[in-house]
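# Analysis of the macromolecular model
The lines below spell out each chain.
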Amino acid sequence: MKIPTYEAQTARPRQGSGQMLTARLSSSAMEAPGRAFAQGGQQLAAKGDQIAEFAYKKAIISADDEADKQAGLYEVKLAAAADNALATDNMVKAEKSFAAKAKSLASDHADKLTSTRAKSTFNNSVRKLLIKQNISFKRAANKKVVDQGKARTGNLIAKSVADASNTDLTETQRAIALFNAQGDLVAGMDVIGAEQTAKNE
């Protein structure tokens, strides 16, 4: 039996046989894993930034909400303190009492807050509420002082007119009473104003 043999159609190259390979690695191929790792790190950092930003916003919203609740309670108590102070007759003492109570209430409510942001937001609200409430309080206090002045002036004038009309008194006493009524009207101008004083003449 004959064994088939095959002959190569091209000659076997003689170059490179037994020589060292001279292939080089591509630098871009070597950098690819590093770039992929860096990209992953950037994406992770971006997610971390988003999470941190959300946590920061959540902390701000929570602090502002906490401050707003305390400011609402403070506003109600401040209005009650103003009403209590206005219930007294001495408006000078009432103003001092109201100012002290407003400060005390603000301190009490600020102590209940848990963060610096909440305290800062609360203090800003307190300033606005105090301005508003102080204006309202002073208007009411001034009106009460004027009303008290009207009542006092009216009472003094009524007494002086009654004395001036009293025929049991001497003419001198009656003249003094009339003079006192005029003096009470002039003195009343400082408190109740010239227009109101003119109505009492």
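Residues numbered from 1 in each chain as written. Predicted model: local features only at pLDDT ≥ 70, side-chain atom pairs only at ≥ 80, totals over all residues. Heavy atoms only, no water.

## Looking at the packing of aromatic side chains
In total, this model carries two aromatic pairs according to the counting rule given. Arranged with centres 6.0 Å apart and planes meeting at 75°, the rings of Tyr-74 and Phe-122 form a pair that is edge-to-face. In this pair, Tyr-74 is assigned in helix 1 (residues 27–86) and Phe-122 in helix 3 (residues 116–165), connecting sequence segments 48 residues apart. Residue classification places Tyr-74 among the buried positions, given a relative accessible area of 0%. (Phe/Tyr/Trp six-rings, centres within 6.5 Å; stacked < 30°, edge-to-face > 60°. Helix = DSSP H or I, 4+ residues; strand = E, 2+ residues; numbered from the N terminus. Buried < 20%, exposed > 50% of the residue type's maximum accessible area, 1.4 Å probe, protein only.)

## Describing the nonpolar core
If you look at the biggest cluster of nonpolar residues, it comprises 23 residues, and the most contacted ones within it are Tyr-74, Phe-98, Phe-122 and Phe-137. Broken down by secondary-structure element, the contributors of at least two residues to this core are helix 1, helix 2 (91–111) and helix 3. Here this core gets nine residues from one element, more than from any other, and that element is helix 1. (Core = buried A, V, L, I, M, F, W, Y, C linked by side-chain atoms within 4.5 Å.)

## Here we look at the confidence of the model for the chain
The predicted coordinates of low-pLDDT regions are not to be read in fine detail. In the predicted model, the chain carries a mean pLDDT of 79, and 73% of its residues have values of at least 70. The least confident element of the chain, judged by mean pLDDT, is helix 5 (residues 194–200) at 54; the most confident is helix 2 at 92. (pLDDT = per-residue confidence, 0-100.)

## Concerning the packing of helix 2 against helix 3
Two elements in contact, helix 2 and helix 3, have axes whose closest approach is 11 Å; the angle formed by their N-to-C orientations is 165°. With respect to their mutual orientation, helix 2 and helix 3 come out roughly antiparallel. Where helix 2 crosses over helix 3, the handedness of that crossing is right-handed. Here helix 2 contributes Met-91, Ala-94, Glu-95, Phe-98, Ala-102, Ala-106, His-109 and Ala-110 to the contact with helix 3, which in turn contributes Lys-119, Phe-122, Val-126, Leu-130, Gln-133, Asn-134, Phe-137, Ala-141, Lys-144 and Val-145. Among the residues making up the contact of helix 2 with helix 3, the classes are represented as twelve nonpolar, three polar and three charged. (Axes fitted to C-alpha atoms, helices over the stretch in contact; angles between N-to-C directions. Parallel < 35°, antiparallel > 145°, perpendicular 65-115°, else oblique. Left-handed = near helix turned anticlockwise from the far one by under 90°. Contact = heavy atoms within 4.5 Å. Nonpolar A, V, L, I, M, F, W, Y, C, P; charged D, E, K, R; others polar.)

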